[in-house]
Amino acid sequence: DQNPDVAARLRAEIDATIGDVVATYDDIARLPYTMATIAETMRLRPPAWILERETLEPFDLGDYHLNAGQTVLMSPWVIHQDPRWWGHDAHAYRPDRWINSDGAFDHSAPGQPRGAYFPFGAGSRMCIGEQFAWSEAVLVLATLARRWAPAIVPGQRVKTWAAVTLRPHPGIKMRLEPAPALTSVD
């Protein structure tokens, strides 16, 4: 709703790739922009806004010395919007940052260093369901966006609520409207 150009490009990719049929697992690799919209959404609104880990042994982290047994907090929400890693437009919703020069989805396309994008955690405690979540998200988005366009009910003021997961507060009231018909060019 807030990014009509992104929505139009997303629907065009879905129409050109799967047409009027239901998306399947085999279609995922052929939907790079769909994957990019999810990656960008997860960058700006990761499900877990903060993670904690306990140090196993002493080490230095920049100017800080950490002893074994100390708790370290990391915030994907903050790091995913840091201009040092994401550029001057770090707060902008730009799915094409995830598309490489060949037109394929690429987790490293934005050029961020390792550890600057971790919506599912990192290291040995990474979410075991990450691959399933990516597949499910692409298939659900491709299925819904084919026919429906979400529209935010006007007059709302939505804030972010950082509970266990990051969520809109008090929620987002939306309508599902029929997606605009795509114009075919012969």
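Each chain has its residues counted from 1, running along the sequence as written. The model is predicted, so local features are restricted to residues of pLDDT at least 70 and side-chain atom pairs to those at 80 or more, both for listing and for counting; the totals for chains, interfaces and linings are taken over all residues. With hydrogens and water excluded, all non-hydrogen atoms of the structure serve as input to the side-chain values.

A.B. asks: A description of the nonpolar core should follow, citing residues and the corresponding values.
C.D. replies: For the purposes of this section, nonpolar cores are sets of buried Ala, Val, Leu, Ile, Met, Phe, Trp, Tyr and Cys residues that join through side-chain atoms within 4.5 Å. Relative accessibility decides the category of a residue: with a 1.4 Å probe and only protein chains considered, values under 20% of the type maximum give buried, values over 50% give exposed, and everything between is partly exposed. Ranked by internal contacts, the top residues of the largest apolar core, which has 25 residues, are Ile14, Trp98, Tyr117 and Trp134. Of all the secondary-structure elements, those providing two or more residues to this core are helix 1 (4–17), helix 2 (32–44) and helix 5 (130–147). Take this core: its biggest share by element is 6 residues, from helix 2. For this analysis, residues touch if any pair of their heavy atoms sits within 4.5 Å. Dropping the residues within four chain positions of it, Tyr117 is found in contact with Ala39, Met42, Arg43, His80, Trp86, Trp98, His107, Gln112 and Trp134. Think of it this way: any DSSP run of H or I at least four residues long counts as a helix, any run of E at least two long counts as a strand, and we number them from the N terminus.

A.B. asks: Just give me the short version of the side chain of Glu13, but keep the residues and values in it.
C.D. replies: If you trace the backbone, Glu13 turns up in helix 1. Under this rule, positive means Lys or Arg and negative means Asp or Glu; His and the chain ends count for nothing. Any carboxyl oxygen of Asp or Glu within 4 Å of a side-chain nitrogen of Lys or Arg constitutes a salt bridge here. One buried charged residue, Glu13, remains without a salt bridge, the closest side chain of opposite sign being Arg9 at 6.6 Å. For Glu13, the contacting residues outside a window of four places in its chain are Arg30, Leu31, Pro32, Tyr33 and Thr34.

A.B. asks: Before we move on, can you summarise the pattern of salt bridges with the specific residues and values?
C.D. replies: A complete count under the given rule lists 10 salt bridges for this structure. Residue Arg97 is joined to Glu40 by a salt bridge in which the shortest nitrogen-to-oxygen separation is 3.0 Å. Pair noted here: Arg97 is in the loop between helix 4 (83–86) and helix 5 and Glu40 is in helix 2, with a separation of 57 residues, a long-range link. Put simply, Arg97 and Asp89 hold a salt bridge, and the shortest N to O gap is 3.7 Å. Each of the two residues, Arg97 as well as Asp89, counts as buried.

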